[in-house]
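What follows is each chain in one-letter form.
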Amino acid sequence: MTVDNGVRVVAGCILLLSLLLTAWVHPGFVWLSVFVGANLIQSAFTGFCPAAMILRRLGMK
């Protein structure tokens with residue numbers, strides 16, 4: 001799996017978790033979804049993605 005695919009998997013899992021937490025725990029967890037979405041948008045424009053850096057350090061190519 002490439003780093004790009006890994007970032008998409010991580011983002012998708014965090015979004016699904018955030019939506020579940022929003023529905024079952026507290027509506028404030030929707031802000032986690034907002035943060036992930038905003039981070040995906042900014043990384044598309046700037047090329048800076050913290051998740052990609054973490055995945056590279058973990059050995060993903």
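Residues numbered from 1 in each chain as written. Predicted model: local features only at pLDDT ≥ 70, side-chain atom pairs only at ≥ 80, totals over all residues. Heavy atoms only, no water.

Visitor: Help me out: how do you make sense of the UniProt feature "transmembrane region" (unreviewed entry) in the protein chain in this one?
Guide: Mapped onto this numbering, the UniProt entry gives "transmembrane region" (unreviewed entry) at residues 7-25 and 31-55. Here residues 7-25 runs as 95% helix and 0% strand, with 26 Å between its end C-alpha atoms. Secondary structure content for residues 31-55 is 88% helix and 0% strand, and the end C-alpha separation is 23 Å. (UniProt positions renumbered as here; feature names shortened; annotations may be inferred. Helix = DSSP H or I, 4+ residues; strand = E, 2+ residues; numbered from the N terminus.)

Visitor: Is there a simple way to explain the UniProt feature "domain: Inner membrane protein YgaP-like transmembrane" (unreviewed entry) in the protein chain in this structure?
Guide: The sites that UniProt annotates as "domain: Inner membrane protein YgaP-like transmembrane" (unreviewed entry) are residues 2-56. The span residues 2-56 carries 84% helix and 0% strand; its end-to-end C-alpha distance comes to 9 Å.

Visitor: I keep staring at the packing of helix 1 (residues 3-24) against helix 2 (residues 30-46) and nothing clicks. Help me out?
Guide: A pair of packed helices is captured by two measures, namely the crossing angle of their axes and the spacing between those axes. Axis separation between helix 1 and helix 2 bottoms out at 7 Å; the angle between their running directions is 160°. Between helix 1 and helix 2, the angle falls in the class roughly antiparallel. You can see that helix 1 and helix 2 cross each other, and the crossing is left-handed. In this structure, helix 1 contributes V7, A11, I14, L15, S18, L19 and T22 to the contact, and helix 2 contributes V30, L32, S33, V36 and L40. Taken together, the residues of the contact of helix 1 with helix 2 sort by class into 9 nonpolar, 3 polar and no charged. (Axes fitted to C-alpha atoms, helices over the stretch in contact; angles between N-to-C directions. Parallel < 35°, antiparallel > 145°, perpendicular 65-115°, else oblique. Left-handed = near helix turned anticlockwise from the far one by under 90°. Contact = heavy atoms within 4.5 Å. Nonpolar A, V, L, I, M, F, W, Y, C, P; charged D, E, K, R; others polar.)

Visitor: Sorry if this is basic, but what is going on with the packing of helix 1 against helix 3 (residues 50-57) here?
Guide: Viewed as axis vectors pointing N to C, helix 1 and helix 3 meet at an angle of 120°, and their least axial separation amounts to 9 Å. It follows that helix 1 is oblique to helix 3 by the angle criterion. In the crossing of helix 1 with helix 3, the sense of the turn from one axis to the other is right-handed. Where helix 1 approaches helix 3, its residues V3, G6, V7 and V10 are matched on the opposing element by A51, A52, L55 and R56. Residues belonging to the contact of helix 1 with helix 3 are distributed by class as follows: 6 nonpolar, 1 polar and 1 charged.

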